[in-house]
Amino acid sequence: MPASIYRGRYAPSPTGRLHLGNARTALLAWLDARAAGGALVMRIEDVDHQRSRADLEARLLTDLRWLGLDWDEGPDVGGSFGPYRQSEREDHYAAALTRLETYQCSCSRRELREEAHAADGEEPVYRGTCREGPHHPERPLAIRWRTPPGVVTVDDRLCGPQVQDVAHEVGDFLLRRRDQAWAYQLAVVVDDAEMAITDVVRGADLLLSTPRQVLLQRALGWPTPRYAHVPLILGPDGAKLSKRHGAPDLSALREGGARPERVVALLARSLGLVDARVEVIAARDLIAGFELARIRPVAVDWRVLADAARS
Ligand code: GLU
């Protein structure tokens, strides 16, 4: 692949500290870009004004650099595809919205869940309640896309073909929320296209969002990037690894005096990229011969990092 063709990105939301799962995904996005001789874009996904914080953005960039990662474009280094913060790109989302067939919706999340008898946290299929006009026009209104019918197939580099009938399985999804925040699905599609992203490497929790994004790309006349959804780190109980499992976040490790090469070594071991005996390795030493298709998740004991922070 010619070097100039690969443009990858890492797109964190500054709504919390980076945990080891985020760090592993960032490492893989960076390795895939670097092994391809490509460019990596750092994009801050702060469309959610209420939850995003500037201090968390600064912290996560510091943590990622500490780990040994770098990027060619981003809010702190500039670049010709900026701005690189979603909060500074709202006019781009508004422009895309005018090109889509949409309608206003007054349904609250709670009403939708009750209507669908969905459990807490479960996103029910939208059944088109406000398609002919909002039921409660006096409320703050969200904007939904009249999702076109048909089956979408996306061939994921790691997970294989993903088939979804979006109109049927998801329904008309949100492009703008009732609190007027732009929806992730629209923002990510606009930004990936306008930043000329060719390769998306991100966590497997977003696999099910991809057909929605591909449908939007098609409606807007934009190309579809290659996708690779990488495995999340799970705790011993099978749930997504978190503080509760005794795994420290990246800032805690950095501030506790851990060596980044120890953290990288454990992340690399957990992916089967290095031998189980490798305890210290720099991120850049993983680039040569890196192949995303060869990652094989291996269980490791993340608690050893708590000691690494003190050693
Ligand atoms: N901002 C999203 C997150 O932090 C990632 C979005 C993406 O990679 O498409 O989970």
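Residues numbered from 1 in each chain as written. Predicted model: local features only at pLDDT ≥ 70, side-chain atom pairs only at ≥ 80, totals over all residues. Heavy atoms only, no water.

1. Brief notes about the overall build of the protein chain
1) Next: Looking only at helices and strands, the protein chain features 10 helices and nine strands.
2) Next: Its C-alpha atoms give the protein chain a radius of gyration of 20 Å, within 12% of the compact-globule value 19 Å for 311 residues.
3) Next: Along the first, second and third principal axes, the C-alpha atoms of the protein chain reach 60 × 45 × 35 Å.
4) Next: Relative to its full complement of 311 residues, the protein chain shows a buried share of 49%.
5) Next: Accessible surface computed for the protein chain: about 14600 Å², of which carbon and sulfur atoms make up 50%. (Helix = DSSP H or I, 4+ residues; strand = E, 2+ residues; numbered from the N terminus. Rg over C-alpha atoms; globule rule 2.2 N^0.38 Å. Buried < 20%, exposed > 50% of the residue type's maximum accessible area, 1.4 Å probe, protein only. Areas by Shrake-Rupley, 256 points an atom, 1.4 Å probe, with all protein chains shown as cover.)

2. A short note on the packing of helix H6 (residues 184–194) against helix H7 (residues 210–220)
1) Next: Interhelical geometry of H6 versus H7 gives an angle of 55° and a closest axis separation of 9 Å. Taken together, the axes of H6 and H7 lie oblique to each other. In this structure, the crossing between H6 and H7 has a hand that is right-handed. For the pair H6 and H7, the contacting residues are Tyr184, Gln185, Leu186, Val188 and Val189 in the first and Arg212, Gln213, Leu216, Gln217 and Leu220 in the second.
2) Next: Across the contact of H6 with H7, the residue classes tally to six nonpolar, three polar and one charged. (Axes fitted to C-alpha atoms, helices over the stretch in contact; angles between N-to-C directions. Parallel < 35°, antiparallel > 145°, perpendicular 65-115°, else oblique. Left-handed = near helix turned anticlockwise from the far one by under 90°. Contact = heavy atoms within 4.5 Å. Nonpolar A, V, L, I, M, F, W, Y, C, P; charged D, E, K, R; others polar.)

3. Describing the site of the ligand
1) Next: Inspection of the region around the ligand gives Arg9, Ala11, Pro12, Ser13, Glu45, Tyr184, Val188, Arg202 and Leu206 as its neighbouring residues.
2) Next: Within the side chain of Glu45, an N or O atom sits 2.7 Å from a nitrogen atom of the ligand.
3) Next: Within the side chain of Arg202, a nitrogen or oxygen atom sits 2.8 Å from an oxygen atom of the ligand.
4) Next: When the ligand sits alone it has 300 Å² of accessible area, and the protein chains cover 77% of it.
5) Next: Residues belonging to the shell around the ligand are distributed by class as follows: five nonpolar, one polar and three charged. (Near = heavy atom within 4 Å. Polar contact = N/O pair within 3.5 Å; in protein donor to acceptor, adjacent residues only side chain to side chain.)

4. Focus on the nonpolar core
1) Next: With 48 residues, the main nonpolar core has Leu20, Leu64, Leu250, Val263, Leu267 and Trp302 as its most contacted residues.
2) Next: For this core, the secondary-structure elements that each account for two or more residues are helix H1 (20–35), strand E2 (39–42), helix H2 (54–67), strand E9 (226–230), helix H8 (250–255) and helix H9 (260–270).
3) Next: Here this core takes nine residues from H1, the largest share from any one element.
4) Next: The contacts of Trp302, once residues within four sequence positions are left out, are Leu20, Ile233, Leu241, Ala247, Pro248, Leu266, Leu267 and Ser270.
5) Next: Tyr84, Trp145, Val188 and Leu215 belong to the second-largest nonpolar core, a separate cluster that totals 30 residues. (Core = buried A, V, L, I, M, F, W, Y, C linked by side-chain atoms within 4.5 Å.)

5. Considerations on the environment of Tyr10
1) Next: You can see Tyr10 is positioned in strand E1 (residues 7–10).
2) Next: Judged by its relative accessible area of 8%, Tyr10 falls in the buried class.
3) Next: Polar side-chain contacts of Tyr10 include one of 3.2 Å to the backbone oxygen of Asn22.

6. Remarks on the pairing of E2
1) Next: Here E2 shows no split at all, with Ala39 and Val41 on one side and Leu40 and Met42 on the other all buried.
2) Next: Relative to E2, E1 runs parallel, the two being bridged by four bridges. Of the residues in E2, the one forming a bridge with Arg7 is Ala39.
3) Next: With H1 bridging E1 and the parallel E2, this β-α-β connection has right-handed handedness. (Pairing = 2+ DSSP bridges. Right-handed = clockwise from strand over helix to strand, strands pointing away.)

7. Points about the state of the cysteines
1) Next: A complete count under the given rule lists zero disulfides for this structure.
2) Next: With no disulfide partner, Cys107 has as its closest neighbouring cysteine sulfur the one in Cys130, 3.7 Å distant.
3) Next: Of the residues examined, Cys107 reaches a relative accessible area of 10% and is grouped as buried.
4) Next: Here Cys130 falls in the buried class, since its relative accessible area comes to 0%. (Disulfide = S-S within 2.5 Å.)

8. Some details on the sheet that holds strand E3 (residues 102–105)
1) Next: Here three strands make up an open sheet; going across it, the order is E3-E4-E7 and the pairing antiparallel. Among the strands making up the open sheet, the edge pair consists of E3 and strand E7 (174–176). Neighbour to neighbour, the strand axes of the sheet diverge by 40° on average, direction disregarded.
2) Next: Of the pairings in the sheet, the one linking E3 to strand E4 (residues 142–145) comprises four bridges and is antiparallel in character. Pairing of Gln104 across the sheet is with Ile143, part of E4.

9. Thoughts on unusual backbone geometry
1) Next: Here the amide bond leading from Gly82 into Pro83 is cis, since omega sits at 0°, within 30 degrees of zero.
2) Next: Looking at the secondary structure, you find Pro83 in the loop between H2 and helix H3 (90–97).
3) Next: You will see that Ala196, though not glycine, has its phi angle at about 55°, which is positive.
4) Next: Mapping Ala196 onto the fold places it in the loop between H6 and strand E8 (199–203).
5) Next: Judged by relative accessible area, Ala196 falls into the partly exposed class, the value being 31%.

These values are about where atoms sit, not about what they do.
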